[in-house]
Amino acid sequence: MPATSSSIVFAAPPLPNLFAGHRNRSELVLSYRMQGLQPEWVEAPDGVAVFSALPPGKYTFEAIARNPGERKLRDGKRSCPYSPPWWRTNWFYALCTLAVLLLLYLGDRIRARNLRERSLQLESLVSERTRELEASQELLRIQATYDGLTGMLNRVAVLRALGVEIERARRQGSTLIVALIDLDHFKRVNDLYGHLVGDDALRWFAGAVGTAIRAYDHAGRYGGEEFLLVLTEVPPAIAEQRVTALHSAISNLTVRLEDIEFTLNCSVGATFFDPSSGSPNAEALLSIADQALYEAKSAGRNRVVFRDAAVPEPGNL
Ligand code: GH3
Ligand code: MG
Ligand code: MG
């Protein structure tokens, strides 16, 4: 009775051997059944009984032999415990199931950890990119707002500030001064000392302007060596005096650059905006200031010409 990994085979002569004592064994018709697995009798004409994929357990193999047409001659029983190989046992299956579950669990943990790490990497990448974007936006804003040479507001920004301040003055009934400043004989500085010294002189002058104005005033580079100032909330009675004081602070300026020293003068054309006595717009105010500046130049430079916007000089508007 050989037992393989999954089956037991009772083969002839083993099956007829159960009836070894019988005479005329070749005429026997053999039937068998396996108690505990197969209750029905099965004929085995070739004398072979095969049981495949046997579950583990204890069985009793029974066989009977008869001559055709005669009554039962003899029967035989054989007890056949069957234990499967270790890789077919229940505990091995349970172990495999546990191992699979463990692998699934570990795989899940690893995947979750990878996802977490990837998500952290993405988060830090996003915040790094956001920081870079904010920095480049800030750089663009600075470039779009300030003059690269002097650090003052550029032309667009100072004109924007003028518009905003005019609106505010109209809303709040406050006043402001618009002043155009032009450096006197600046071409000579370039001609005498070179363009780079001229650049330094422009920076020097911008520094002096920055010191002379208040935090709520606006100063910008209007053109090459021309500047636009918007001085807010100056009482009408002292407006002209304020511009004169400003001119004193920024003209007759001694510029010291390493081994070079020279004096920088400027001319100022200014006007005053009072919403209670007229409503000229930014263009009109600039035009009045420009005309006043022209007059200051014509009158000999290094001076202030102040024109009230409410009472313009004939032909100035
Ligand atoms: P005026 O008193 O009539 O204003 O005489 P000016 O020489 O100042 O006027 P002009 O318009 O003849 O010359 C202005 C000079 O300013 C010429 C130009 O080269 C110089 N300038 C303008 N922008 C810059 C700049 O960014 N750097 C330097 N170095 N020079 C500049
Ligand atoms: Mg000029
Ligand atoms: Mg000039």
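Everything below is about the structure shown above.
Residues numbered from 1 in each chain as written. Chains lettered and ligands numbered in written order. Predicted model: local features only at pLDDT ≥ 70, side-chain atom pairs only at ≥ 80, totals over all residues. Heavy atoms only, no water.

1. Description of the site of ligand 1
Residues in contact with ligand 1 amount to 17 residues; listed here are only the nearest, Asp-182, His-185, Asp-199, Arg-221 and Arg-301. In the model, an oxygen atom of ligand 1 is placed 2.7 Å from a nitrogen or oxygen of the Arg-221 side chain. Elements supplying a minimum of two residues to the shell around ligand 1: strand S7 (176–183), helix H4 (186–193) and helix H5 (195–212). Per element, the largest residue contribution to the shell around ligand 1 is four residues, and it comes from H5. Residue classes in the shell around ligand 1 are distributed as four nonpolar, five polar and eight charged. (Near = heavy atom within 4 Å. Polar contact = N/O pair within 3.5 Å; in protein donor to acceptor, adjacent residues only side chain to side chain. Helix = DSSP H or I, 4+ residues; strand = E, 2+ residues; numbered from the N terminus. Nonpolar A, V, L, I, M, F, W, Y, C, P; charged D, E, K, R; others polar.)

2. Description of the coordination of the magnesium ion (ligand 3)
Asp-182 (OD), Leu-183 (O) and Glu-225 (OE) make up the full set of protein donors to the magnesium ion (ligand 3), lying at 1.9 to 2.2 Å. Sequence spacing among the residues donating to the magnesium ion (ligand 3) works out to D-L-x41-E. (Donors = N, O, S within 2.8 Å, 3.2 Å for Na, K, Ca; no water.)

3. What about the coordination of the magnesium ion (ligand 2)?
Each angle at a metal carrying four tetrahedral donors should ideally be 109.5 degrees, and each at a metal carrying six octahedral donors should ideally be 90 or 180 degrees. The protein atoms that coordinate the magnesium ion (ligand 2) are Asp-182 (OD) and Glu-225 (OE), at distances spanning 2.2 Å. Taken as a pair, the magnesium ion (ligand 2) and the magnesium ion (ligand 3) show a spacing of 3.5 Å, with Asp-182 coordinating each metal. Placement of the pair is Asp-182 in strand S7 and Glu-225 in the loop between strand S8 (218–223) and strand S9 (226–232), with a sequence separation of 43 residues.

4. Points about the pairing of strand S10 (residues 253–257)
Residues of S10 alternate between two faces, with Leu-253, Val-255 and Leu-257 buried on one and Thr-254 and Arg-256 left unburied on the opposite face. The pairing of S10 with strand S11 (residues 260–264) spans five bridges and is classified as antiparallel. Bridging from a neighbouring strand, Arg-256 pairs with Glu-261 of S11. Where S10 folds back on S11, the antiparallel hairpin that results is connected by two residues, among which Glu-258 adopts a positive phi of roughly 50°. (Buried < 20%, exposed > 50% of the residue type's maximum accessible area, 1.4 Å probe, protein only. Pairing = 2+ DSSP bridges.)

5. Some details on helix H3 (residues 155–172)
Think of an α-helix as 3.6 residues a turn; residues three or four steps apart then line up on the same face. Relative to the 26 Å expected for 18 residues at 1.5 Å per residue, H3 spans 25 Å between its end C-alpha atoms, a close match to the ideal helical length. The complete set of buried residues in H3 reads Ala-157, Val-158, Ala-161, Leu-162, Glu-165, Ile-166 and Ala-169. Next to the buried residues of H3 lie helix H2 (90–145), S7, S8, S9, strand S12 (266–273) and helix H7 (282–298). Sitting at the amino-terminal end of H3 is Asn-154, which places a side-chain oxygen 3.3 Å from the backbone nitrogen of Val-156. Once H3 ends, the next one or two residues include Gly-173, with phi positive near 70°. (Expected span 1.5 Å × (residues − 1). Contact = heavy atoms within 4.5 Å.)

6. Focus on the packing of H4 against H5
At their nearest, the axes of H4 and H5 sit 7 Å apart, and the two run at 135° to each other. With respect to their mutual orientation, H4 and H5 come out oblique. Contacts between H4 and H5 pair Phe-186, Val-189, Asn-190 and Tyr-193 from the former with His-195, Val-197, Gly-198, Ala-201 and Leu-202 from the latter. The class makeup of the residues in the contact of H4 with H5 is six nonpolar, three polar and no charged. (Axes fitted to C-alpha atoms, helices over the stretch in contact; angles between N-to-C directions. Parallel < 35°, antiparallel > 145°, perpendicular 65-115°, else oblique.)

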